[in-house]
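Letter by letter, the chains look like this.
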Amino acid sequence: TSVDRLHFNFFVRKGHPLLPGKHLKAADVANFGIASPTLPDEWRAYLHRLLDLGKDERLPISVECDDVPLLKRIALSTDTVLVSVDDAVGDEVAAGQLCRLPVRIHPPVFYNVGIVALAGRTLSPVAEYAANYLQQIIAQRKDQPKPCA
């Protein structure tokens, strides 16, 4: 059962040179280096096209790891651009520490979040609780981060 989609965007620290970014293009982020979680090959190819890189140009990924707190610290203390799902940085955006860059990402890039169960089988009580809890969290979560003004 599909529950939600987690969308990827570009985030930078408050005061970053790309802000306010009124006429910002995705290719502009390439000059600052990117910090991102480990990306699947198809997303790497998409990012390559989005940044308008030449066939032989490498992605400007400065740091690629799955330690989200580390990636956020890097973005907060440098000019590196963070690629992240909105929900992972919601607290930092709400606190005014990180800003979503107003870059149009088309088509949007996202993770599908879902609950998987065997056909014709009921969930165990623990799995049922976990599924309900996940749906509650998604229903109650904060609005998606808005670009900084």
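This structure is a prediction, so every number in the text was calculated from the model and none was measured. Residue indices follow the written sequence of each chain, beginning from 1 at its first position. It should be noted that, the model being predicted, local features are given only for residues of pLDDT at least 70 and side-chain atom pairs only at 80 or more, the latter also being counted only at that level, while totals for whole chains, interfaces and linings use all residues. Note that water and hydrogens are dropped before the side-chain values are worked out from all heavy atoms of the structure.

J.: Would you mind showing me how to read the overall build of the protein chain here?
T.: The secondary structure content of the protein chain amounts to 4 helices and 6 strands. Strands are runs of DSSP state E lasting at least 2 residues, helices are runs of H or I lasting at least 4, and numbering of each runs from the N terminus. Sequence-ordered secondary structure for the protein chain, helices as α and strands as β, is β-β-α-β-α-β-α-β-β-α. Relative accessibility thresholds used throughout: buried, under 20% of the residue-type maximum; exposed, over 50%; partly exposed, between the two (1.4 Å probe, protein chains only). Evaluated residue by residue, the protein chain yields a buried proportion of 38% over its 149 residues. In what follows, residue pairs with any heavy atoms lying within 4.5 Å of each other are defined as contacts. A separation threshold of at least 6 residues defines the contact pool for the protein chain, and within that pool the share at least 24 residues apart is 75%. Entry remark: accessible area of the protein chain is about 9,300 Å², with carbon and sulfur atoms responsible for 53%. Surface exposure here means Shrake-Rupley accessible area, sampled with a 1.4 Å probe, where a residue is shielded only by the protein chains that are shown.

J.: How do you make sense of the confidence of the model for the protein chain when you look at a structure like this?
T.: The predicted structure's coordinates, where accompanied by low pLDDT, should not be read in detail. In this model, the protein chain carries an average pLDDT of 85, and 89% of its residues clear a pLDDT of 70 or more. The predictor attaches a confidence to each residue, called pLDDT, with possible values from 0 through 100. Taken element by element, the protein chain is modelled with least confidence in strand β6 (residues 110–114), mean pLDDT 71, and with most confidence in helix α2 (residues 68–77), mean pLDDT 97.

J.: It is not clear to me how the nonpolar core should be interpreted in this structure. Could you clarify?
T.: As a rule of thumb, nonpolar side chains are buried together in soluble globular proteins. Buried Ala, Val, Leu, Ile, Met, Phe, Trp, Tyr and Cys residues form a nonpolar core when they are joined through side-chain atoms within 4.5 Å. Judged by nonpolar contacts, the single largest core of 22 residues is most densely connected at F10, V29, L47, L51 and L101. Of all the elements in the fold, those that place two or more residues in this core are β1 (2–13), α1 (41–50) and β4 (81–85). Top element by residues in this core is α1. It accounts for 4 residues. In terms of nonpolar packing, the next biggest core, distinct from the first, is built from 10 residues, L82, V89, V93 and L98 among them.

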